[in-house]
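Residue-level structure breakdown
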Amino acid sequence: MAIKLRQTNRPQPWLADPAPAANMVPPKDRGPVVNQDQAVTTQSYAIGIREQIIRANSHLHKDTVDLLAEMYRADALQGTKSRRPVPLNKLPRILIEQGATMNWLMRSHSVKRSLEVGFAYGFSTIWMLDALRPRRNALHVAIDPYELSLWHGIGLTQVERLASGVRFEWIENFSIHALSDLIRRNEKFDFIFIDGNHKFDDVIVDFYLSNQLLLPGGLVAFDDMWMNSVRSATNFIVNNLACEIVPQPVENMLVLRKTGYDTRDWRHFNTFEVLGSSDFAEQEPAASKPSGITRLHRVFGKSS
Ligand SMILES: C[S@@+](CC[C@H](N)C(=O)[O-])C[C@H]1O[C@@H](n2cnc3c(N)ncnc32)[C@H](O)[C@@H]1O
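Residues numbered from 1 in each chain as written. Predicted model: local features only at pLDDT ≥ 70, side-chain atom pairs only at ≥ 80, totals over all residues.

**What about the sheet that holds strand β8 (residues 243–245)?**
- Reading across the sheet, the seven strands line up as β5-β4-β3-β6-β7-β9-β8 and stay open at both edges, with mixed pairing between neighbours. The open sheet has two edge strands, β5 (167–171) and β8, and neither has a second partner. Recorded for the sheet is a direction-independent mean angle of 20 degrees between the axes of neighbouring strands.
- As defined by bridge partners, strand β7 (residues 214–222) adjoins strand β9 (residues 254–258) across four bridges and the pair is classed as antiparallel. Directly across from Leu219, in β9, lies its bridge partner Arg257.
- Sheet strands touched by helix α10 (residues 228–240): β7, β8 and β9. Its angle to β8, the strand with the most contacts, is close to 125 degrees. (Pairing = 2+ DSSP bridges. Helix = DSSP H or I, 4+ residues; strand = E, 2+ residues; numbered from the N terminus. Axes fitted to C-alpha atoms, helices over the stretch in contact; angles between N-to-C directions. Contact = placed C-beta atoms within 7 Å.)

As structure tokens, then:
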């Protein structure tokens, strides 16, 4: 089985569920939206971003809306390691519709403990922390070895500014070490977002380790489904592991539900489709991330 990016023929349960349906409409039905990667110069653009966030998810806390609106329209942000705001590379952040969808999935699954690989400026972190707000004793863990060196602690500053009251832990380490340590501590999570290094083997390893931390019924989300490495890795996972695809409207993301523990025979192996060539420039980017491939490569190119 190969994962197709177009999901328009799939059942769309968010339209049938009265609670989230009010704010979770598929992107095509939302009318024109402001391009989040445009240069930010005018007040009307700022209002556009705020409205876009509220339209995408009306359950957000007001402080979260304020902070996210500021983050998405900012050209520079202050970090723990910077005296002045640092110019942002806008490519690594998740888009509003993706953050809104993750937030809705976490809320509708009553997630209490979430984890993400890839912290950077903290866009996904803020969306995820907001979803944990209503839960008692909730925890969010973010793993990133480069938070201070590459991202100036900007993500840490945004988490401080949100002051969500949710317990937050940042692990300054490569995902292989951080996830292995969490496994040793017998930690469990019910939502994991994989958005770290995007090479095929890194995605497989991040998933393999994350899957040990995930409770059955828990969800794992993969970013950047436009990349052949991520699509090939997820093709392997979907064809071989105990999981099912969770329908949701964001093409650039895949969400899987863990359906059980791994009980496969030691000889088990299902073939899977491998996409594309190893030449990064030949990959066909999806509409949501059309540019900056070289910069993206530089950011993700560091190996653990
Ligand atoms: C696309 S960015 C994450 C963006 C973030 N999720 C957001 O929405 O703002 C990818 C991140 O993965 C981190 N990263 C790269 N290799 C990693 C590794 N081996 N383990 C953990 N994080 C890694 C990078 O430092 C970078 O911050």
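**Things to note about unusual backbone geometry**
- If you check the backbone angles, Ser110 has positive phi at about 50 degrees while not being a glycine.
- Inspection of the secondary structure puts Ser110 in the loop between α5 (96–108) and β3 (113–117).
- Look at Ser110 and you get exposed, because 10 C-beta atoms sit within 10 Å.
- Of note, the phi angle at Asn186 is positive, near 60 degrees, even though the residue is not glycine.
- Along the chain, the position of Asn186 falls in the loop between α8 (175–184) and β6 (189–194). (Buried ≥ 20, exposed ≤ 12 C-beta atoms within 10 Å, placed from the backbone.)

**Things to note about the nonpolar core**
- Counting 71 residues, the largest nonpolar core has Ile126, Met128, Ile192, Ile194, Val220 and Ala221 as the members making the most contacts within it.
- When residues of this core are assigned to their parent elements, the largest contribution, seven residues, is made by helix α6 (residues 123–132). (Core = buried A, V, L, I, M, F, W, Y, C linked by C-beta atoms within 7 Å.)

**Quick word on the packing of helix α4 (residues 62–73) against helix α7 (residues 154–162)**
- The contact between α4 and α7 brings their axes to 10 Å, and the two run at 150 degrees. Looking at the two axes, α4 sits roughly antiparallel to α7. Between α4 and α7 the crossing geometry is right-handed. Within the contact between the two elements, α4 uses Asp63, Thr64, Leu67 and Met71 and α7 uses Gln158, Arg161 and Leu162. (Parallel < 35°, antiparallel > 145°, perpendicular 65-115°, else oblique. Left-handed = near helix turned anticlockwise from the far one by under 90°.)

**A word on the confidence of the model for the protein chain**
- Overall, the prediction assigns the protein chain a mean pLDDT of 83, with 75% of residues at 70 or greater.
- pLDDT under 50 marks residues 5–44. Its contacts with residues more than four places away, or in other chains, come to 40 contacts.
- Counting contacts from residues 286–304, a segment whose pLDDT is below 50, to residues more than four positions away or on other chains yields 24 contacts. (pLDDT = per-residue confidence, 0-100.)

**Side note on the packing of helix α9 (residues 200–213) against α10**
- α10 packs onto α9 with a crossing angle of 40 degrees between their chain directions and a minimal axis gap of 8 Å. The orientation of α9 with respect to α10, classified from their angle, is oblique. As α9 packs across α10, the resulting crossing turns out to be right-handed. In this structure, α9 contributes Phe200, Val203, Ile204 and Phe207 to the contact, and α10 contributes Ser229, Val230, Ser232, Ala233, Phe236 and Ile237.
- Across the contact of α9 with α10, the residue classes break down as eight nonpolar, two polar and no charged. (Nonpolar A, V, L, I, M, F, W, Y, C, P; charged D, E, K, R; others polar.)

**Some words on the pairing of β3**
- The element β3 is largely enclosed, with a buried count of five among its five residues.
- A two-sided burial pattern is seen for β3, the buried positions comprising Arg113, Leu115 and Val117 on one face and Ser114 and Glu116 on the other.
- Bridge analysis of β3 against strand β4 (residues 139–143) gives five bridges, and the strand direction is parallel. Along β4, the bridge assignment pairs Glu116 with Ala142.
- Crossover handedness for the path β3 to α6 to β4: right-handed.
- Two elements, β3 and β6, share four bridges in a ladder whose sense is parallel. Residue pairing for β6: Glu116 is matched across the bridge by Phe193. (Right-handed = clockwise from strand over helix to strand, strands pointing away.)

**Overview of the site of the ligand**
- The full set close to the ligand counts 23 residues, and Gly118, Ala120, Phe123, Ser124 and Ser175 are the nearest of them.
- A per-class count over the shell around the ligand returns 13 nonpolar, seven polar and three charged. (Near = placed C-beta within 6 Å.)

**Here we look at α6**
- Taken across its 10 residues, α6 has 10 buried, putting it largely inside the fold.
- If you check which residues of α6 are buried, you get Phe123, Ser124, Thr125, Ile126, Trp127, Met128, Leu129, Asp130, Ala131 and Leu132.

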